[in-house]
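Chain residues, written in single-letter form:
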Amino acid sequence: MIFRRIAFPLLAAVSLALTACSEPPPPPPPPAPVLETLAPPPAELSTALDGFRAEGPKGWAFTQTTTGGGKDRVERYNPRLPGPDRWTLLAEKGAPATEEQKQRYRQSRPTFDASANLAGQLDRAQVEVVARSPERTTYQFRLVPQGEKDRTAVHMRARFTLEHASHTFSRVELFNAEPFKAASSLTIQEARTTLEYSPPTDGRPALPREVSMHVSGRRFWFRDFTETVVSRYSEHENVARPATAP
């Protein structure tokens, strides 16, 4: 799973469900009690949301390692390069990528990477506080349907954990609050995407550290499935200055 492929609120989870294979699922987290409901959200939270990009700040290169969901892949992203050249396949299924694999991979990449605008899908009329400490607060939002055909937003919630010292998010979760039918033959029991960020230090902003997606449910009323995909991010490098492809 890659930031550019995250489709909120549920497209990515459903696509996983359609190809999922059975394996032991991780235990779901216990439901969080609502401590307080705020309307409107506090200014500190609104300011952090206005500057939030799920894929991290612009101008940073990184290495992405993805496992699960039939994937075992290592990729390098460099935003200085144009078009599909931004992405380079480093390894596939534990082996270094061949030149043929790299070429095929590059040809499959889109010209532009889509941004996952989760903050723009939040219902900011009010927000629930579900965890609070002197260091951080976790807020929970409902989602606004993205068009008439979006029938999943009503079932979804988004949680943002805000670090008070840095005014950045350390964890973001998108999950279903209840089971629902994504199609006539597909019931989603759990769909959860979790984004974790490293704290800002020494001039470095908060950067993506890990993204995990878990989905489980039932197809055709009798076949259960579960799938988990994890992407980890490393070797971040600020390459904001423009460059051309070699």
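An account of the accompanying structure is given in this report. No experiment lies behind these values; they were computed from the predicted model shown. Per-chain numbering applies: the sequence of each chain, read as written, is numbered from 1 onward. Residue-level local features of this predicted model are given only where pLDDT is at least 70; pairs of side-chain atoms are given and counted only at 80 or more, and the full residue set underlies all totals for whole chains, interfaces and linings. Calculated side-chain values reflect all of the structure's heavy atoms, with hydrogen atoms and water omitted.

### Here's the deal with the overall build of the protein chain
Inference 1: Secondary structure elements are taken from DSSP: a helix is a run of H or I of four residues or more, a strand is a run of E of two residues or more, and numbering for both begins at the N terminus. Of regular secondary structure, the protein chain possesses three helices and 13 strands.
Inference 2: Looking at the protein chain as a whole, 46% of its 246 residues qualify as buried.
Inference 3: Should any heavy atoms of two residues lie within 4.5 Å, those residues are counted as being in contact. Put simply, 58% of the contacts in the protein chain that link residues at least 6 apart link residues at least 24 apart.
Inference 4: Calculation of accessible area relied on Shrake-Rupley with a 1.4 Å probe; when residues are assessed, cover is drawn exclusively from the protein chains displayed. Carbon and sulfur atoms provide 55% of the accessible area of the protein chain, an area that totals close to 13,100 Å². Burial status follows relative accessibility: with a 1.4 Å probe on protein chains alone, a residue under 20% of its type maximum counts as buried, one over 50% as exposed, and anything between as partly exposed.

### Details of the nonpolar core
Inside soluble globular proteins, nonpolar side chains tend to come together where they are buried.
Inference 1: Grouped together as the largest cluster of nonpolar side chains are 39 residues, with contacts concentrated most on F160 and F169.
Inference 2: The biggest single contributor to this core is strand 11 (residues 186-198), with five residues.
Inference 3: Sequence-distant contacts of F169, that is, excluding residues within four places in its chain, are made with L45, A48, L49, F52, F160, T161, L162 and Y197. Only buried residues count toward a nonpolar core, which is a set of Ala, Val, Leu, Ile, Met, Phe, Trp, Tyr and Cys residues joined through side-chain atoms within 4.5 Å.

### Some points on unusual backbone geometry
Inference 1: Here A39 and P40 are connected by a cis peptide whose omega angle stands at 0 degrees.
Inference 2: Relative to the assigned elements, P40 resides in the loop between strand 1 (36-38) and helix 2 (43-50).
Inference 3: For K93, which is not glycine, the phi dihedral falls at a positive 55 degrees.
Inference 4: Mapped onto the elements of the fold, K93 is located in the loop between strand 4 (87-92) and strand 5 (95-96).
Inference 5: Positive phi values are uncommon outside glycine, yet H167 reaches one of about 60 degrees.

### Here we look at the pattern of salt bridges
Inference 1: Salt bridges are counted wherever a side-chain nitrogen of Lys or Arg sits within 4 Å of a carboxyl oxygen of Asp or Glu. Following the criterion strictly, the structure yields 16 salt bridges and no others.
Inference 2: In this structure, D85 and R106 form a salt bridge, with 3.2 Å as the shortest nitrogen-oxygen distance. Separated by 21 residues along the polypeptide, D85 in the loop between strand 3 (71-77) and strand 4 and R106 in helix 3 (residues 99-108) bring together distant segments of the chain.
Inference 3: Taken together, the shared-partner salt bridges in this structure form one network comprising R171, E173, E190, R192, E196 and R209.

### A closer look at the packing of aromatic side chains
Inference 1: Stacked, edge-to-face and tilted labels apply to pairs of Phe, Tyr and Trp rings (six-membered ring for Trp) whose centres lie within 6.5 Å, assigned for plane angles under 30 degrees, over 60, and everything in between, in that order. According to the stated counting rule, one finds nine aromatic pairs in the structure shown.
Inference 2: Ring geometry for F52 against Y197: centres 6.1 Å apart, planes inclined by 75 degrees, an arrangement best described as edge-to-face. Separated by 145 residues along the polypeptide, F52 in the loop between helix 2 and strand 2 (60-68) and Y197 in strand 11 bring together distant segments of the chain. Each member of the pair, F52 as well as Y197, carries the same accessibility label: buried.
Inference 3: Among the aromatic residues, those joined into a cluster by ring pairs are F52, F141, F160, F169 and Y197.

### Examining helix 2
Inference 1: Listing the buried residues of helix 2 in full gives L45, S46, A48 and L49. Projection of helix 2 onto a plane perpendicular to its axis shows the buried side chains occupying an angular sector of 165 degrees, all on one side. Opposite the packed face of helix 2, turned more than 90 degrees from it, sit the exposed residues A43, T47 and D50.
Inference 2: Tucked into the core, helix 2 has its buried residues touching strand 6 (127-132), strand 7 (136-142), strand 8 (156-163) and strand 9 (168-176). This arc is built from the directions going out from the helix axis to the C-beta atoms.

### Observations regarding the pairing of strand 13 (residues 223-238)
Inference 1: Pairing between strands requires that DSSP locate at least two bridges from one strand to the other. Looking at chain direction, strand 2 and strand 13 are connected through seven bridges and run antiparallel. Residue pairing in the sheet places W60 in a bridge with N238 of strand 13.
Inference 2: Relative to strand 13, strand 12 (residues 207-219) is paired through 10 bridges, and the arrangement is antiparallel. Across the sheet, the residue bridging to S216 is T226, located in strand 13.

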